[in-house]
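These are the residues of each chain, in order.
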Amino acid sequence: MTIGRKLMLAFGVSLALTAALSVECLTAVGGLGARLEFTASATTRKTELVGELKSVTADVRAAVRQAVLSTSLRDDADYRNARASVTASLERMNALLDELRPLLESRDTAAADSIAASLTGCRTATDLASRSPWIGCSSAATAAKPRAMRRAARCSALSRSL
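Quantities reported herein were computed from a predicted structural model and do not represent experimental measurements.

A. Structural detail: the overall build of the protein. Along the backbone of the protein there are five helices and zero strands. Reading the protein from its N end, one meets helices and strands in the order α-α-α-α-α. In the protein, which comprises 162 residues, the proportion classed as buried is 25%. Counted over contacts in the protein with a minimum sequence separation of 6, partners at least 24 positions apart contribute 68%. Per element, the accessible surface of the protein, about 10300 Å² overall, is 63% carbon and sulfur.

As structure tokens, this is what we get:
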């Protein structure tokens, strides 16, 4: 083989390798663009959901405070409104967590599960508080109400930590 052919072969091989690397780089950049777009949209949605969770948490906190105040004022209608507001807010939080869970990485799902378990505890506390008789009853029957409301207040303290 002559030196000209060897040089042509070396040039052809380097040209083929350059073309293969160019195709690989273009494919990788295209994949990066798609992954970046997915990551950006998922991150944006996660941020929106966390913002909504914080807003609903503030609603729960306000409703629990309203329930505690209406309990001490013995206002049955106001208490029922506050309890309905707490229940609706807790349901909204569960829905937001269900929507957020698939977007989270595996290490972050434990935190979402912990929040969901705490929401169940809050719902239980509000249910216990609502079963306690307190308007127009004797003081012994009314004494059960503050204990249930303390549980609801702990739920409010938990919501502040979110």
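B. Highlighting the pattern of salt bridges. If you walk through the whole model with that rule in mind, you get six salt bridges. Notably, a salt bridge pairs arginine 45 with glutamate 52, separated by 3.9 Å at the nearest N-O pair. Under the relative-accessibility criterion, glutamate 52 is labelled partly exposed at 27%. In this structure, the salt-bridge partner of glutamate 99 is arginine 45, at a minimum N-O distance of 2.4 Å. Highlighted residues: glutamate 99 in helix H2 (residues 76–100) and arginine 45 in helix H1 (residues 3–73), separated in sequence by 54 residues. A single network of salt bridges, built from pairs that share partners, joins Arg45, Glu48, Glu52, Arg92 and Glu99.

C. Geometry of H2. Taking 1.5 Å per residue as the helical rise, H2 with its 25 residues ought to reach 36 Å, and the 36 Å between its terminal C-alpha atoms agrees with that figure. Residues Tyr79, Ala82, Val86, Ser89, Leu90, Met93, Asn94, Leu96, Leu97 and Leu100 constitute the buried set of H2.

D. Representation of the side chain of serine 89 in the model. Mapped onto the elements, serine 89 comes out in helix H2. The exposure class assigned to serine 89 is buried, which follows from its relative accessible area of 9%. What serine 89 contacts, discounting residues up to four positions off in sequence, is Val56, Asp59 and Val60.

Analysis parameters
Here, residues in each chain are numbered from 1, in the same order as that chain's written sequence. Totals for whole chains, interfaces and linings use every residue, but because this is a predicted model, local features are given only for residues with pLDDT of at least 70 and side-chain atom pairs only at 80 or more, for both listing and counting. With hydrogens and water set aside, each side-chain value is computed from the structure's full complement of heavy atoms. The way it works is that DSSP assigns letters per residue, a run of H or I at least four long becomes a helix, a run of E at least two long becomes a strand, and they are numbered from the N terminus. Buried means the residue's accessible area, taken with a 1.4 Å probe over protein chains only, is under 20% of the maximum for its type, while exposed means over 50%, and partly exposed covers the values in between. Note on contacts: a residue pair is in contact if any heavy atoms of the two residues lie within 4.5 Å. Areas reported as accessible are Shrake-Rupley estimates using a 1.4 Å probe. Residue values count occlusion only from the protein chains shown. Between Lys or Arg on one side and Asp or Glu on the other, a salt bridge is scored when a side-chain nitrogen of the former is within 4 Å of a carboxyl oxygen of the latter. Here, expected helix span is obtained from the residue count minus one, scaled by 1.5 Å.

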